[in-house]
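Structural overview for review
The lines below spell out each chain.
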Amino acid sequence: MKKITITIDGFSSTGKSTVAKQLAKALGYVYVDSGAMYRAVTLYAMQHQIITKDSFDIDRLISELDNVKVSFTYNDDLGFAEVYLNGKNVENDIRTLEVSQNVSQVAEISEVRRMLVLQQQQMGKEKGVVMDGRDIGTVVFPDAELKFFMTASAETRAKRRYKELLERNEVVSYDDVLKNVESRDLIDSTREDSPLMKAEDAIEIDNSNLSLVAQFETLHELAQTIINQ
Ligand code: CDP
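Worth saying up front: this structure is predicted, and the values here are computed from it rather than measured.

All right, on to the side chain of N102 then. Position of N102 relative to the elements: it lies in helix 4 (residues 97-106). The class of N102 is buried, set by a relative accessible area of 11%. Apart from residues no more than four positions distant in its own chain, N102 is found in contact with T42, M46 and I51.

Attention now moves to the pattern of salt bridges. Applying the stated rule across the entire model yields 15 salt bridges. With a closest N to O distance of 3.5 Å, D93 and K88 form a salt bridge. Overall, K88 belongs to the partly exposed group, its relative accessible area being 47%. A salt bridge links D188 to R191; the nearest nitrogen and oxygen atoms lie 3.7 Å apart. Overall, D188 belongs to the buried group, its relative accessible area being 4%. You can call R191 buried: its relative accessible area is 4%. Connected through shared salt-bridge partners, D33, E91 and R95 make up one network.

In this section: the site of the ligand. Within the structure, the ligand sits among 19 residues, and S13, R39, D135, R161 and D188 are positioned closest to it. Between the ligand and the protein, one listed contact pairs an oxygen atom with a side-chain N or O atom of S104 at 3.0 Å. Bound to the protein, the ligand loses 96% of the 530 Å² it would expose on its own. When contributions to the shell around the ligand are tallied by element, the ones reaching two or more residues are helix 2 (34-47), helix 4 and helix 8 (174-190). When residues of the shell around the ligand are assigned to their parent elements, the largest contribution, four residues, is made by helix 2. Looking at the shell around the ligand, its residues break down into four nonpolar, six polar and nine charged.

For the rest of this paragraph, the subject is the environment of F148. Checked against the element boundaries, F148 lands in strand 7 (residues 146-151). Between the C-alpha atom of F148 and that of G35, which follows or precedes it by 113 residues, the distance is 16 Å. Excluding anything up to four places from it in sequence, F148 contacts I6, T7, I8, D9, A202, I203, I205, L219 and L222.

Calculation rules
Residues numbered from 1 in each chain as written. Predicted model: local features only at pLDDT ≥ 70, side-chain atom pairs only at ≥ 80, totals over all residues. Heavy atoms only, no water. Helix = DSSP H or I, 4+ residues; strand = E, 2+ residues; numbered from the N terminus. Buried < 20%, exposed > 50% of the residue type's maximum accessible area, 1.4 Å probe, protein only. Contact = heavy atoms within 4.5 Å. Salt bridge = Lys/Arg side-chain N within 4 Å of Asp/Glu carboxyl O. Near = heavy atom within 4 Å. Polar contact = N/O pair within 3.5 Å; in protein donor to acceptor, adjacent residues only side chain to side chain. Areas by Shrake-Rupley, 256 points an atom, 1.4 Å probe, with all protein chains shown as cover. Nonpolar A, V, L, I, M, F, W, Y, C, P; charged D, E, K, R; others polar.

Such coordinate-based values are descriptive only and should not be taken to indicate function.
Right, here's the structure in full:
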């Protein structure tokens with residue numbers, strides 16, 4: 001059967017990764033969480049005090065990028081690939097609010113983007129991939145056969161992320177989560193290099209009032225149609 005490339009871009013906490021995982025599983029495709037890669041580089045910068053609450057040594061991060069190896073290893077029990085930073089599983093460590101509060105600044109740096117985009121293109125070169133992020137349909141795979149752009153109101157998204165963080169036993173306030181969602185939206189969509197935007201040929205899905213099942217079925221049907229063409 002024909003293999004295609006599926007891209008899912010959109011604002012923070014729009015549930016891209018949930019539906020991307022479901023879709024990859026149903027189609028037998030590889031799922032790549034490109035945001036996890038930006039988060040892993042951010043974690044490196046935090047661990048080495050390159051980025052702190054009040055400072056960010058961009059030149060140092062750029063000069064150390066050769067030491068930052070981001071990779072994925074499939075976890076059979078979870079059914080998806082977990083992200084590793086220099087050989088260490090950091091799947092949990094990258095999901096904290098603190099990493100979320102720094103990641104968009106790291107993702108603005110062109111040198112970081114260049115390194116990760118090359119790696120993403122390499123991972124998708126055989127097709128049969130579902131990749132989610134901010135610039136996947138516009139920059140990483142502009143020729144992808146099927147592109148989605150997910151949206152939902154900021155409050156809906158903040159509520160979802162707040163619930164997720166509480167489930168992970170993080171002590172956070174709803175206001176801080178909402179602030180983070182809004183500030184990342186702003187930085188991600190106004191940065192100079194590869195800003196978040198809907199690709200011309202992307203299908204927009206507002207999932208504020210869409211159940212997970214309905215959302216999955218919509219995307220899955222569209223994918224099947226293109227695969228069977
Ligand atoms: O929190 P959420 O799951 O929505 O975000 P993520 O997909 O984990 O991405 C975290 C951050 O990485 C985003 O806010 C962007 O700043 C950056 N990112 C990016 O610049 N380009 C991508 N392709 C993916 C993520």
